[in-house]
Amino acid sequence: MNLAAFNLFLGVMSLIALIVFVALYFVKAGYGIFRTSSWGAAISNKLAWILMEAPVFLVMCVMWMYSERRFEPVILTFFLFFQLHYFQRAFIFPLLLKGKSKMPLAIMSMGILFNLLNGYMQGEWIFYLAPATMYQSDWFTSPYFIIGTLLFFTGMLVNWSSDYIIRHLRKPGDTRHYLPQKGMYRYVTSANYFGEIVEWAGWAILTCSLSGLVFLWWTIANLVPRADAIWKRYREEFGDAVGTRKRVFPFLY
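- An unreviewed UniProt entry annotates the chain as 3-oxo-5-alpha-steroid 4-dehydrogenase 1 originating from Bacteroides finegoldii.
- The UniProt entry for the chain carries the following comment under Catalytic activity (unreviewed entry): "androst-4-ene-3,17-dione + NADPH + H(+) = 5alpha-androstan-3,17-dione + NADP(+)".

The following block contains the structure:
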């Protein structure tokens, strides 16, 4: 794909993300606490997460292997950062999930489609379309890389630790809902989403790319409306115990 066609692709992806952002304020994505039978057939949550997240990991592997730039230090570092996230998300995170929750096949299928497109979107820029002189070794000392990397790993830490807190809210056999209280959950009701948004903001900065920015926009479009739905659900269940916690951005929203 040439650069003009790629930029058109990014524009279309951005527009679709806007539609998704608006739609999710009216229709709750039917997984987790919002799953209902109206979403149709469902499979094991663990299997669904693996099938949904593995494609982006595999797409990036293939695109990296066929790139003539694959061993350039900055390009290789980008690849390893990205794959670290998705290795954990596709092959470790699902196995840590507790309970017998299920995910609708419709949700899983939409996730697979997005991950395939996103893998292509990130890989095409980094491995093929970025100017040959852009990601040279001096990029490691640029403000983009330093600030972006700090944000990327800070967000990853918040995301992983928040997932850990959620997984350990219940004792074996307990099916009740609890309000998370530790870590960033002291400030927002969707701390795991906050961490993921920070992580991909870091990615957009450290790669200084439109493809990274579009991925950040998609992350926001998908997670912020869901964070709003979770906040409202907690308000219904726990009332004043939610206190001054925001939805996803501490002290803001």
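**Examining the overall build of the chain**
Part 1 of the reasoning: Along its length, the chain carries 7 helices and 2 strands.
Part 2 of the reasoning: For the chain, the C-alpha radius of gyration of 19 Å lies close to 18 Å, the compact-globule estimate for 253 residues.
Part 3 of the reasoning: Projected onto its principal axes, the C-alpha positions of the chain cover 55 × 40 × 35 Å.
Part 4 of the reasoning: Burial analysis of the chain (253 residues in total) assigns 49% to the buried set.
Part 5 of the reasoning: Long-range contacts, defined as pairs at least 24 residues apart, comprise 82% of the intrachain contacts of the chain with a sequence gap of at least 6.
Part 6 of the reasoning: When the accessible surface of the chain is split by element, carbon and sulfur atoms take 69% of a total near 12800 Å².
Part 7 of the reasoning: Where the 22 positive side-chain charges of the chain centre and where its 13 negative ones centre are 12 Å apart.

**Brief notes about the pattern of salt bridges**
Part 1 of the reasoning: Evaluated as defined, the whole model comprises 5 salt bridges.
Part 2 of the reasoning: Across the pair Glu-196 and Arg-89 runs a salt bridge, and its minimum N-O distance is 3.9 Å. Of this pair, Glu-196 sits in helix H6 (residues 191–207) while Arg-89 is found in helix H3 (residues 73–96), placing the two residues 107 residues apart along the sequence.
Part 3 of the reasoning: Among the salt bridges present, the one from Arg-233 reaches Glu-237, with a minimum N-O distance of 3.1 Å. Linking Arg-233 with Glu-237, this pair stays in helix H7 (residues 210–238), spanning 4 residues, or about one helical turn.

Thresholds, definitions, all that
Residues numbered from 1 in each chain as written. Predicted model: local features only at pLDDT ≥ 70, side-chain atom pairs only at ≥ 80, totals over all residues. Heavy atoms only, no water. UniProt positions renumbered as here; feature names shortened; annotations may be inferred. Helix = DSSP H or I, 4+ residues; strand = E, 2+ residues; numbered from the N terminus. Rg over C-alpha atoms; globule rule 2.2 N^0.38 Å. Buried < 20%, exposed > 50% of the residue type's maximum accessible area, 1.4 Å probe, protein only. Contact = heavy atoms within 4.5 Å. Areas by Shrake-Rupley, 256 points an atom, 1.4 Å probe, with all protein chains shown as cover. Lys, Arg positive; Asp, Glu negative; His and termini not counted. Charge placed at Lys NZ, Arg CZ, Asp CG, Glu CD. Salt bridge = Lys/Arg side-chain N within 4 Å of Asp/Glu carboxyl O.

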